[in-house]
There are 2 protein chains.
Amino acid sequence: MQRKTLYQTVYHRLRYQILSGDWPIGSKLPPERKLAEEWGVSRNTIVHAYADLETEELIYSRVGSGRYVQALPPPSALPRLHWKDSLPGGSALSAPSLMTELHALVGTRSALNFAFGEGGNHTRLKAQFAKGIDPLHILETSEADYLFPVQGLPELRSWIAEWMGCEQITEPSQVMITSGSQEALQMTTAILANPGDSIAVEMPTYFGALHLFQSLGLHLIPVPVDNEGMRIDVLEGILSRSRPRFIYTVPTFHNPTGTILSEARRQQLLALSEKHAIPIVEDDAYRHLHFNQEPPPPLKALDRQGNVIYINTFSKVLFPGLRLGWVAANRPFMERLTRYKELSISTNTFVQHALWSYLQKGAFQDHLQEARCHYQRQAAVMDEHLRQLIPKGISYMTPTGGFYYWVSLPEQVSPKELLQKAIEQNVVFATGDMFLPRETEQPFIRLCYSHETEAGIEQGMRILSSLL
Amino acid sequence: MQRKTLYQTVYHRLRYQILSGDWPIGSKLPPERKLAEEWGVSRNTIVHAYADLETEELIYSRVGSGRYVQALPPPSALPRLHWKDSLPGGSALSAPSLMTELHALVGTRSALNFAFGEGGNHTRLKAQFAKGIDPLHILETSEADYLFPVQGLPELRSWIAEWMGCEQITEPSQVMITSGSQEALQMTTAILANPGDSIAVEMPTYFGALHLFQSLGLHLIPVPVDNEGMRIDVLEGILSRSRPRFIYTVPTFHNPTGTILSEARRQQLLALSEKHAIPIVEDDAYRHLHFNQEPPPPLKALDRQGNVIYINTFSKVLFPGLRLGWVAANRPFMERLTRYKELSISTNTFVQHALWSYLQKGAFQDHLQEARCHYQRQAAVMDEHLRQLIPKGISYMTPTGGFYYWVSLPEQVSPKELLQKAIEQNVVFATGDMFLPRETEQPFIRLCYSHETEAGIEQGMRILSSLL
């Protein structure tokens, strides 16, 4: 593979610091000479990189004062153009979506898929689930209440409230069933923010959320993530300077980094949310797929003020194709969500009834236990291969749940080139820039171990190892 | 029942003329004396009514020139308020939705339901449909492609394109499967119009659409409907004065009036749309439920310029609980719709596969034929009862398809009072004002014959007859 020049390495490292929020918006950049010394490069390299970043409007100079991080302009939301014209190049909705691109890569489906965070092939689960479905019965019951209640099947909401068991969300009236967590996030965002509004978002973050926020024309304020999850100290600075409409977080088995927000930070985050009266949108899709140890309780469970809007899904613990997720939130928000949901009538009742009839059989807890062991084994297989790559300059944190390894490559390796080479050998993964608001070279890739069999992981990892 | 006073009758008649677009926005009202003569009431009654309408800001005076119809202000879209507060009274999303209200009325489900445009109890269809479903097979295939393509199952899109058979929409690539026609309409509207924009809408119109448009903060320009459907002459005036973002129409078995837009008007509507370069959103949910005679072709089939965005659904011909509809539109629009659809990922593939496996059995055409006969018989039962009420001052047009009778009551009868009395006797229907953008007394009710059995229709109609 072609190595990056020193300049490219420095430039992309700077760019990543800015886009991921490591250097927050408005903060002052280190003087050229100081940074050059720190990074062991020539002053000229830094001067050159700063100039390029200024041209890109990622930073700006104040005469006699220095250089500062600039806010990314919000992408234009739905473009106002003649309705028959094709989308113009500049708008958020015109970019070929990452999802579509990745899918094109998976293509024939014969590729080894480390790219998508989809559940594995639980053959036993499918048989169990299918056995519980009596189509005629489901048709009859689902037709009887296809429209109502808009919030979703009461039995299912009660079940969820009980399962969650958290003090704040035991009320089924505070739960809504949605078409997957993506719809939940879309409605929540549309209710809380208008185009041009700011929101605070972990960077890197789940690309489905990123794509959604950008398409809605929101201004993203990045909050960096370290080994303990979202950097609350940075968030504090952000909240005292600007008023984002909400804080979006995946605190447990964060996507893509796999980190867990520590208990101390959970309390700090809630305190900040209360102090500034800014709601938290907690995306908790991976919570139940922990390995040996249970993660800390959801923010929602610790939330005494009703500041958390909680989103979860059956996609990861059962099948993504069910398209069933849920929101738990305080009453006024649920009221608004219900009105919003009415606009598209209701979540598929046929599938809600199908899920309900499976859950009633009581096999879910056993399945969940099996799934945890299953993913833990798969993670272990991937880990073995990754460990052997440490001497070659990669690093990573071993996840304790969820679906992902977030792997830091040697800075000279281009993740995009690596992906190209991998595709040629039929392996697909996600590059780090897919989780940032702007395309940028950064030395990360995300490897998902949930989709392939152990043999598939072995095979794919051998290919990746040979490429590195 | 309490009779309306003469003043109330006059006032509500005026209000209806304005809200339904019979007197278009900007048009001059007849002078008081002239109208008083025409309607055979005192000049004072008209003066009084005009004054009240002016207070309500439905009309305004220009000194020395007369009175004019004023545009209704667009409702505020999602209100910007502290996210924990309850919805304020003034916003569109705060009104308890009609759907929810009506549903509360149906309540225990023991009520005779003439209110909802839902399909009947096709026992045979349910059995047939259920027989075609192999849950394990569907789970396996639907999980294989739960996300993609975003446009929906290719086999289903091909089937639809072939079924529709219209020249413009034979391309499966120009068809998208949606979560019912309501989602199709929601996405289409969000793409074409921003809050505060104007759209031209038949008045009265489908309340699901009305609620949607109002919730999105759109300014509605009413276009009246007569026996031949939308009044194209009025629309022409509207288009030359203002530029609505699109024209929303249910041209075939219009909801609620049951009228069919004549072929001549279809051509005129398309010509106007081309001339002004304003798209038409055609909602064609009832097309396939005609009685003996096929209705004129859809606008989409006559459209040579790609000006029509066509929306249809399986809810009326099969089950509403399937939540499967579709959009057919030109390529640039479909491209945008696909991007928008990605925001909530995709339509439930499990249910798409279930429908596809039913359709493959080939029983659909037979079912459709049966359903047509079934609804025609039910309409006939209702007709018999209605005919006997003509001497009591009611009037109506006999539908030739669809689900509804739009019944004009004697002007002195209050539909709301009638509904109250009916509810006491366990019969529910929709009052005319539910199909207008503002609550107003108007002498119409909509009776839906699709939901009840023939015996149920008999019983309900006997109760209504006794009340009138």
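Let me sum up the structure you'll find in this document. (Residues numbered from 1 in each chain as written. Chains lettered and ligands numbered in written order. Predicted model: local features only at pLDDT ≥ 70, side-chain atom pairs only at ≥ 80, totals over all residues. Heavy atoms only, no water.)

Some words on the overall build of chain A
Stage number 1. Each helix and strand in chain A was counted, giving 17 helices and 16 strands.
Stage number 2. For chain A, the proportion of its 468 residues judged to be buried stands at 65%.
Stage number 3. As displayed, chain A offers around 17,000 Å² of accessible surface, 49% of which is attributable to carbon and sulfur atoms. (Helix = DSSP H or I, 4+ residues; strand = E, 2+ residues; numbered from the N terminus. Buried < 20%, exposed > 50% of the residue type's maximum accessible area, 1.4 Å probe, protein only. Areas by Shrake-Rupley, 256 points an atom, 1.4 Å probe, with all protein chains shown as cover.)

Examining the environment of Val281 of chain B
Residues and elements named next belong to chain B.
Stage number 1. Along the chain, Val281 falls in strand S9 (residues 280-283).
Stage number 2. With 18 residues separating them along the chain, Val281 and Leu299 place their C-alpha atoms 9.5 Å apart.
Stage number 3. Excluding anything up to four places from it in sequence, Val281 contacts Leu185, Thr188, Leu192, Phe246, Ile247, Tyr248, Thr249, Ile309 and Ile311. (Contact = heavy atoms within 4.5 Å.)

Comments concerning the pattern of salt bridges
All names here are of chain A.
Stage number 1. For the structure shown, the criterion picks out 28 salt bridges over all chains.
Stage number 2. Here Arg13 makes a salt bridge to Glu411, at a shortest N to O gap of 2.6 Å. Pair noted here: Arg13 is in helix H1 (residues 6-19) and Glu411 is in the loop between strand S13 (404-408) and helix H16 (415-424), with a separation of 398 residues, a long-range link.
Stage number 3. By relative accessible area, Glu411 is classed as partly exposed at 26%.
Stage number 4. For Asp433, the salt bridge identified is with Lys416, shortest N-O distance 3.1 Å. Of this pair, Asp433 sits in the loop between strand S15 (430-431) and strand S16 (444-448) while Lys416 sits in helix H16, placing them 17 residues apart in sequence. (Salt bridge = Lys/Arg side-chain N within 4 Å of Asp/Glu carboxyl O.)

Topic: the pairing of strand S10 (residues 308-313) of chain B
All names here are of chain B.
Stage number 1. Among the six residues in S10, six count as buried, and that is most of the element.
Stage number 2. Every second residue of S10 is oriented toward a common face, with Val308, Tyr310 and Asn312 on one face and Ile309, Ile311 and Thr313 on the other, all of them buried.
Stage number 3. The pairing of S9 with S10 spans four bridges and is classified as parallel. Residue pairing in the sheet places Asp283 in a bridge with Ile311 of S10.
Stage number 4. Bridging between S10 and strand S11 (residues 325-328) involves four bridges; their strand directions are antiparallel. Bridged to Tyr310 within S11 is Ala328. (Pairing = 2+ DSSP bridges.)

Things to note about helix H8 (residues 180-192) of chain B
Stage number 1. In this model, H8 of chain B (13 residues) spans 19 Å end to end at C-alpha, consistent with the 18 Å of a helix rising 1.5 Å per residue.
Stage number 2. In terms of burial, H8 of chain B is a largely internal element, 13 of the 13 residues being buried. (Expected span 1.5 Å × (residues − 1).)

A look at the sheet that holds S16 of chain A
All names here are of chain A.
Stage number 1. Pairing within the open sheet is antiparallel, and its four strands lie in the order S12-S13-S16-S15. Each edge of the sheet is formed by a strand with only one pairing partner; in this case those strands are strand S12 (395-396) and S15.
Stage number 2. Pairing of S13 with S16 involves five bridges; the strand directions are antiparallel. Across the sheet, the residue bridging to Tyr404 is Cys448, located in S16.

Digging into the sheet that holds strand S11 (residues 325-328) of chain A
Residue and element names in this part refer to chain A.
Stage number 1. Across the sheet, eight strands lie side by side as S4-S11-S10-S9-S8-S5-S6-S7; this open sheet has mixed pairing. Of all strands in the sheet, those bounded by a partner on one side alone are strand S4 (175-178) and strand S7 (229-230).
Stage number 2. Pairing of strand S6 (residues 219-226) with S7 involves two bridges; the strand directions are antiparallel. Counted as the bridge partner of Asp226 is Gly229 from S7.

Some words on the side chain of Gln151 of chain A
Residue and element names in this part refer to chain A.
Stage number 1. Turning to its location among the elements, Gln151 is positioned in the loop between helix H6 (135-144) and helix H7 (154-164).
Stage number 2. For Gln151, a relative accessible area of 16% gives the class buried.
Stage number 3. A distance of 3.0 Å separates the side chain of Gln151 from the backbone oxygen of Ser173, its partner in a polar contact.
Stage number 4. In this structure, Gln151 is in contact with Arg157, Pro172, Ser173, Gln174, Val175, Met176, Ile177, Met334 and Thr338, ignoring residues within four places of it in sequence. (Polar contact = N/O pair within 3.5 Å; in protein donor to acceptor, adjacent residues only side chain to side chain.)

What to know about the packing of helix H15 (residues 364-387) of chain A against helix H17 (residues 454-467) of chain A
Residue and element names in this part refer to chain A.
Stage number 1. The interhelical angle for the contact between H15 and H17, taken along N-to-C directions, is 20 degrees, at an axis separation of 9 Å. Of the possible angle classes, the one that applies to H15 and H17 is roughly parallel. Crossing angle aside, the handedness with which H15 passes H17 is right-handed. Side by side, H15 and H17 meet where Arg377, Gln378, Val381, Met382, His385 and Leu386 of the first sit next to Glu454, Ile457, Glu458, Met461 and Arg462 of the second.
Stage number 2. Here the residues of the contact of H15 with H17 are counted per class, giving five nonpolar, two polar and four charged. (Axes fitted to C-alpha atoms, helices over the stretch in contact; angles between N-to-C directions. Parallel < 35°, antiparallel > 145°, perpendicular 65-115°, else oblique. Left-handed = near helix turned anticlockwise from the far one by under 90°. Nonpolar A, V, L, I, M, F, W, Y, C, P; charged D, E, K, R; others polar.)

Topic: the side chain of His211 of chain A
Stage number 1. Residue placement: His211 of chain A occurs in helix H9 (residues 207-215).
Stage number 2. Polar contacts involving the side chain of His211 of chain A include one to the side chain of Glu342 of chain B, which spans 3.3 Å.

Considering helix H5 (residues 123-131) of chain B
Residues and elements named next belong to chain B.
Stage number 1. For H5, the set of buried residues is Leu125, Lys126, Phe129 and Ala130. Each buried residue of H5 sits inside an arc of 125 degrees when the element is viewed along its axis, so together they form one side. Away from its buried face by more than 90 degrees, H5 exposes Thr123, Arg124 and Lys131. (Arc of directions from axis to C-beta.)

Description of the environment of Leu212 of chain A
Stage number 1. Along the polypeptide, Leu212 of chain A turns up in helix H9.
Stage number 2. The sequence separation of Leu212 of chain A and Gln182 of chain A amounts to 30 residues, and the corresponding C-alpha distance is 8.7 Å.
Stage number 3. The contact partners of Leu212 of chain A, leaving out residues within four places of it in the chain, are Gln182, Leu185, Gln186 and Thr189 of chain A together with Leu343 of chain B.

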